[in-house]
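# Examining the three-dimensional arrangement
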Amino acid sequence: MTDATDRPDPVEGTDPAPHEAATATPARARPAATAPDRPADSRTPRVAFRDARPPSGVPVFEVGGVSVFYGDHEAVRDVNMTIENRQITAMIGPSGCGKSTMIRCFNRMNDLIPTARVTGKIRYHNEDLYGRDVDPIEVRRRIGMVFQKPNPFPKSVYDNIAYGPRVGGFKGNLDDLVEETLTHAALWDEVKAGLKRSALALSGGQQQRLCIARTIAVKPEVILMDEPCSALDPIATAKIEDLMEHLAQEFTIIVVTHNMQQAARVSHRTAFFTSDIDEAGVRHGRLVEYDETARIFSNPSDQRTEDYISGRFG
Amino acid sequence: MGSGLLDEDTAAALPEGRRLEGRGVPWRERLFQLGLWASLAVGVVFLASLLVYVVVEAWPRLDLRILTHFPDIIDPSNAGAQSAVMGTIWVIAFTALYCLPTGILTAIYLEEYADPHRWYNRVVEINIQNLAAVPSIVYGILGLGIIARGMGFGQTVLTASLTLSLLVLPTVIIAAREAIRAVPQSIREASLALGATRWQTIRRQVLPAAVPGMATGSILALSRAIGEAAPLLLLGGLAFITFNPSGLDSPFTVLPIQIFNWISQSRAEFISLASAAIVVLLVILLAMNSLAIWLRNHYSHRW
Amino acid sequence: MTGPRRRERAAAGSSGFLKRSQPRHGEKVVMVLLAAASLVSVLTTVGIVIALIPPAAEFFQKVSFGDFITGTEWSPLFKPPHFGVLPLVTATLMVTVIALLVAVPLGLGAAVYLSEYARPRVRSVFKPVLEVLAGIPTVVYGFFALKAVTPLLQDIWPGDDGPQVFNALSAGFVMGIMIIPTVASLSEDAMSAVPQDLRDGAFALGSSRMQVSTKVVFPAALSGIVAAVVLGISRAIGETMIVAVAAGGRPNLSFDPLEGMQTMTAFIAAAGIGDLPTGSTGYQTIFAVGSLLFVMTLVMNLVSIRLVRRYREVYE
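Structure report, in brief.

What counts and what doesn't
Residues numbered from 1 in each chain as written. Chains lettered and ligands numbered in written order. Predicted model: local features only at pLDDT ≥ 70, side-chain atom pairs only at ≥ 80, totals over all residues. Helix = DSSP H or I, 4+ residues; strand = E, 2+ residues; numbered from the N terminus. Buried ≥ 20, exposed ≤ 12 C-beta atoms within 10 Å, placed from the backbone. Expected span 1.5 Å × (residues − 1). Bend = angle between axes of the 7 residues up to and from the residue. Contact = placed C-beta atoms within 7 Å. Nonpolar A, V, L, I, M, F, W, Y, C, P; charged D, E, K, R; others polar.

Residue and element names in this part refer to chain A. One non-glycine residue, Arg86, lies in positive phi territory at about 50°. Relative to the elements of secondary structure, Arg86 occurs in the loop between β2 (73-84) and β3 (88-92). Given 24 C-beta atoms within a 10 Å radius, Arg86 is considered buried. A positive phi angle, near 45°, is found at Glu227, a position not held by glycine. Among the structural elements, Glu227 can be located in the loop between β7 (222-226) and α7 (234-247). Residue classification places Glu227 among the buried positions, given that 20 C-beta atoms sit within 10 Å.

Set out below in structure tokens:
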């Protein structure tokens, strides 16, 4: 029901799949946003970031029978999905459906909760993410994360960007790296005059984009975003969405969102989670449907998905 | 649906002809509030009269002699508390040296590493809470039985500072833990999500943000140690000391002990002398507290 | 610049690319160091017990525990010596009760005022006053009790037989003032932890502020308030300098607060000042009385810790 990896992916930059009567704005109806805020005289060499998206079909994560427990409580039950390279995958669903719990499994942030336990398999490029020898630090250097509330360090803008490379033992020119990263995150023009100023002085939207920039400074392959816009106003949200589309050329992005329109606007594929109550009266999060975004929003195969996206539930 | 709807509702909810003024505050309410206010006032009045009394009593002797002269049993009119002031500085400096690193490291362990569900961590936790309330004279017994006599360190600056550092260790730990806990979890998550290790996260994010709070708490803990007399009495600190400490193995006296010593004398000159020494002690404590409050206000983080 | 650091799928082909890239022994060392530091506090308790038990055990080989705990005369340095600890215990309890009579109503009143009535500005004035009260060295309190409070009591006392120069009353009163901050701040914590919803609910039903304070907040915070009082008791029992200075040094089995009497702590201090030789019976009495004191305060502390934990579990 949920697995749809054998289906070919929509071709990049073209119109959305021709589903008529879409309930929400299809994702790529807007002109493809290629670096909307990139300055014309970008002094930085752009070697690090490629422009084209490669052909898809390369799985980054393969999730098989994953359940997450907090103590004895099974918060998420039996999730199966495959996440592909350089795509934006959205995870949507009502509160308490386990989508945030699920996204935290991808870079082992759940390790930080002493009672949390993950069963089943998550493979990252065929490597068991929860294998015996796997080092969560290495995992998190490859799989970055952006959080719900902007959480810049109480340091300068510069130090926020430089932090990840520094702790990772970066031995290059930090100034260049900071500029390149901020440029890439479309934040350079806004902050270049105040790199030494406290990041806490930025606006909420700028703080969140700084957090995204901070994440890409360590050159991960995957960026996880846990409701990155839920604390922001619509204008700041739009900027983040533009940035996400731009970054998807380079990174695999998984985004949890409450906002269905957002999922529809930015994502290529959407996973719909909900929670059901078992015989014992205990609530478990479940993956209901996982498909191309256009299909989820126009022609979902599961009644619960349709109820949710048409606003009858949640 | 704006505020207009709400206004209409509120207006509609008020029954016509119904008075909202009430009958004023009943006398029981007033009496209750007066009682509460008086409970605070007693403390304030007591504090004020204590300070005034001490200063008035100390007035005849409140000059530099209290700092420049040594105790003198024969001629109190020319005595001072220099050996006690220097002794206090020596003892507190070493107390800080022993208890601050230990306390802060313990706090880091308990907040950042220890799993609170493990029995041994719970033991450590309850143990610290209990130690914080163990009478100071019991620490004196520990100092006397184990440090001074058992380990043979004698009645020295070393024994005194070790004893006092164990005494204030729980206070330092509790204050440092609060400072660490005040650093939001989101900062730790952000750092770890960037691939920082646990210790990198602590050293580069948590500790810098917690330093002002730790400093404040540490200063307050040390100011408690400065005022302590009971445990040092047991160490034989009441010996008549007319010289400044010269090292860790030196005999010593401290201000509270010297004050106690002078209070026990019956001649009026000693009472003035004791009061003057109290003023010196209170000024030192006031300075430390002001520093702590300044640190707290000046470096407090907004998140 | 970025080429070598870029974590490409190139690495993905080879198995084990998520293994630790460099050994991190430092992390382990740090953890061990931190755990070792936290052992110091445990060793402190062990040290206290080790300091107390052997000399106390030797003492109880010479003096039976029954005689110690029920004897009514305490004169360890006289000939013949008597080792009945009751006079010290009753003196301790006497002073403690007087202190609580002062500290509990005033401390709770202050806590209710600060938690339920005071505007932020008022709080910002009064809280530091309480902190200063808590920060005054106890020898200073003792001095004030002996030289100011006792003479004042003697002056205003109706009738001839006023307080003696050393007496339990002024020591207990001043000790009560000293304990106000302990009682006030802990119970204010407990009252502040009561959810605002409970207050709002009561106010919405037309309750007055006094009714909310006494009928809603106070009961809801009761375990924390009891914990504060118990901790206050523990502090009163263990306080040394005030009683050593102002309550006198004569063991006295009496229930007259106007008389001087020696508490357990004052005895320990006095014996310590005497610099008795190790192994002498006099030296061992310090540890016998100290053990009793330690056990009494330990019980109080554990009760208080348990009560605090209970209200934290309810509201946090």
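Okay, back to it.
Next up on the list: the environment of Leu222(C). All names here are of chain C. Examined against the element boundaries, Leu222 turns out to sit in helix α10 (residues 222-238). Looking at Leu222, the number of C-beta atoms within 10 Å reads 15, which means it is partly exposed. The spatial distance from the C-alpha of Leu222 to the C-alpha of Val308 is 9.9 Å, given a sequence separation of 86 residues.

Residues and elements named next belong to chain C. With 38 residues, helix α2 (residues 25-62) should reach 56 Å at 1.5 Å per residue; the first-to-last C-alpha distance of 55 Å fits that figure. Of all the bends found along α2, the most pronounced is centred on Ser41 and spans about 25°. All of the buried residues in α2 are Val30, Leu34, Ala37, Ser38, Ser41, Thr44, Ile48, Ala51, Leu52, Pro55 and Phe59.

In this assembly, 21 residues from chain A lie in contact with 17 residues from chain B. For the side of chain A that touches chain B, the secondary-structure elements that each account for two or more residues are α2 (136-142), β6 (143-146), α3 (157-167) and α6 (204-216) of chain A. By residue class, the composition of the side of chain A that touches chain B is eleven nonpolar, six polar and four charged.

This paragraph deals with the interface of chain C and chain B. Listed as interface residues are 69 residues of chain C and, on the opposing side, 68 residues of chain B. The element that contributes the greatest number of residues to the side of chain C that touches chain B is α2(C), accounting for 20 residues. Looking at the side of chain C that touches chain B, its residues break down into 47 nonpolar, 18 polar and four charged.

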